[in-house]
Amino acid sequence: MTTTTNHSKHRTPRQERRTQSRWLQHKDLVIGVSSSALLDLTESDHIYRSQGVQAYEEYQTQHSHDPLKPGIAAPFISKLLTYNKILHKLDPNRGVEVIIASRNSPRTGLRAMNSLTALRLPIDKATFTSGKSPAPYLEAAYGVDLFLSANREDVHEAARHNIPAGRIVQDNQVTPGKDPHPNELRVAFDFDGIIAGDSSERQFQQYLKASPGTQEALTAYTQYEIDHANDPIEAGPLAGLLKGINNIQQTIESIQNGTCKTFNNMTDEEQQEILNDLRTTPTIRTYVVTARGADTVERTLNTLGTHGIHIDEMTMLAGMDKTPALEVIKPDMFFDDQAKNLTPYSTIPSVHVPLGVCNPCINNDQIREVFNQHKTTKTTNSQLLFTNN
């Protein structure tokens, strides 16, 4: 893996998306997360649905100092935040910034913020909108690389605001708090529609419509990928997220192998402090788990290389079920654009990214154009339930 030797002029992924947020534009990652993704709101949500808004607000106020249990995204976010103790020492402007973006009111949001303190999650930025969509803030004020929520409609609304967004899958068998690899951050991605755009998947769908059977479509699609091996696919919605993770990964490796210029210019005492931090900081490992066959590997690798993305492991399953491979990896989070791949029987923390041709629920042609050209469009906010946020 190629390392970066000079981080003094560090440029973060999707910096163009964050030019309007000058306070955050040099961060390695900026992630928006709803309280429903970060905390377990099962009990309080039941009160809202069964007794209404007033009862919910009273309950949350009365229990404002009773910490909520961690939600599905908590281990993933917690590990990402641990890198700040190193990155901030190299450059105070770098690091991972996490923002709470919630439909809760400021009053009901107090319990969420107190819970984050109890869970030792150092998050100091939040937007509480009292029922309105937080998407405009995520776009204009923060310029996030990713928004995570358990609320399907909020994720769709964020996507309409051109924000890379994903829905935390809550109906599976994930048990937050049981970490099989506490000393390593493992992040797994689907390829098409996630790291890469969906143009190749759209080509496959065209073959499906034109072919008498699935096998014929697969054969035609495979040949198409082989013929276009040297034509990289456009970047997908989470390419920026992965590049940010890669930047952190490269920084840590450059410190360890002695090629980080910023670290090398520090005093012995400052260097020792960072080296001590490294001993308690999780290593990073990235994965691609894709339904693509290995005969399309050349175009896959050329696409990754063109967009400056590094992957530690890649599993190409040629249409097989992804669950067994993911059970081997046990990632802290897995991102896929097809809900059918996120089985409710899985123990894998998973995120559905509802973009691309496999997700006709929103205007993907508009969003696809935005992710390719960094354009901005506006939509009208919808009024949705806020207890799941």
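Values in this document were obtained by computation on a predicted structure and should not be read as measured data. (Residues numbered from 1 in each chain as written. Predicted model: local features only at pLDDT ≥ 70, side-chain atom pairs only at ≥ 80, totals over all residues. Heavy atoms only, no water.)

Chemist: Explanation requested: the overall build of the protein in the structure shown.
Modeler: Along the backbone of the protein there are 16 helices and ten strands. A separation threshold of at least 6 residues defines the contact pool for the protein, and within that pool the share at least 24 residues apart is 77%. Split by element, the accessible area of the protein, about 17,000 Å² in all, is 49% carbon and sulfur. (Helix = DSSP H or I, 4+ residues; strand = E, 2+ residues; numbered from the N terminus. Contact = heavy atoms within 4.5 Å. Areas by Shrake-Rupley, 256 points an atom, 1.4 Å probe, with all protein chains shown as cover.)

Chemist: Whenever I open this one, the sheet that holds strand 3 (residues 125–128) confuses me. Can you help?
Modeler: Adjacent strands of a sheet form backbone hydrogen bonds with each other and so pair up, either parallel or antiparallel. One open sheet accounts for ten strands, arranged 3-2-1-4-5-10-9-6-7-8; its pairing is mixed. Because the sheet does not close on itself, it has two edges, and the strands there are strand 3 and strand 8 (313–316). The average undirected angle you get between the axes of adjacent strands in this sheet is 25 degrees. In terms of strand pairing, strand 1 (residues 29–33) meets strand 4 (residues 146–149) through three bridges, oriented parallel. Within the sheet, the bridge partner assigned to Ile31 lies in strand 4 and is Leu146. Along the sheet face, helix 6 (residues 106–118) touches strand 2 (96–102) and strand 3 and points at about 155 degrees away from the line of strand 3. (Pairing = 2+ DSSP bridges. Axes fitted to C-alpha atoms, helices over the stretch in contact; angles between N-to-C directions.)

Chemist: When you look at the nonpolar core in this model, what are you seeing that I'm missing?
Modeler: What tends to happen in soluble globular proteins is that the nonpolar side chains get buried as a cluster. Counting residues in hydrophobic clusters, the biggest one holds 62 residues, and the most contacted among them are Leu38, Phe76, Leu148, Phe189, Ile195, Leu241 and Phe335. With seven residues, the top contributor of residues to this core is helix 11 (residues 239–257). Setting aside chain neighbours within four positions, we find Phe76 in contact with Leu148, Leu185, Val187, Asp332, Met333 and Phe335. Residues Val30, Ile99, Ala135 and Tyr142 belong to the second largest nonpolar core, which totals 13 residues. (Core = buried A, V, L, I, M, F, W, Y, C linked by side-chain atoms within 4.5 Å. Buried < 20%, exposed > 50% of the residue type's maximum accessible area, 1.4 Å probe, protein only.)

Chemist: I keep staring at the pairing of strand 6 (residues 184–189) and nothing clicks. Help me out?
Modeler: The two faces of the sheet receive side chains in turn, since in a regular strand these alternate between them. Most of strand 6 sits out of view: six of its six residues are buried. Of the two faces of strand 6, the one lined by Glu184, Arg186 and Ala188 and the one lined by Leu185, Val187 and Phe189 are each fully buried. Looking at chain direction, strand 6 and strand 9 (residues 333–336) are connected through three bridges and run parallel. Paired with Phe189 across the strands is Phe335, a residue of strand 9.

Chemist: Quick question: what am I supposed to make of the side chain of Thr222 here?
Modeler: Mapped onto the elements of the fold, Thr222 is located in helix 10 (residues 214–227). Classification of Thr222 by relative accessible area gives buried; the value is 19%. A polar contact is formed between the side chain of Thr222 and the backbone oxygen of Leu218, at a distance of 2.8 Å. Setting aside residues up to four positions removed in sequence, Thr222 forms contacts with Asp295 and Thr296. (Polar contact = N/O pair within 3.5 Å; in protein donor to acceptor, adjacent residues only side chain to side chain.)

Chemist: Is there a simple way to think about unusual backbone geometry in this case?
Modeler: Residues other than glycine predominantly adopt negative phi, and peptide bonds predominantly adopt the trans conformation. Positive phi, normally seen in glycine, also occurs at Arg120, with a value near 60 degrees. Relative to the helices and strands, Arg120 is located in the loop between helix 6 and strand 3. Note on Arg120: relative accessible area 76%, which makes it exposed. Residue Ala318 is not a glycine yet carries a positive backbone phi of 50 degrees. Here Ala318 lies in the loop between strand 8 and helix 15 (323–329). Look at Ala318 and you get exposed, because its relative accessible area is 57%.

Function cannot be read off these values alone, since they describe shape.
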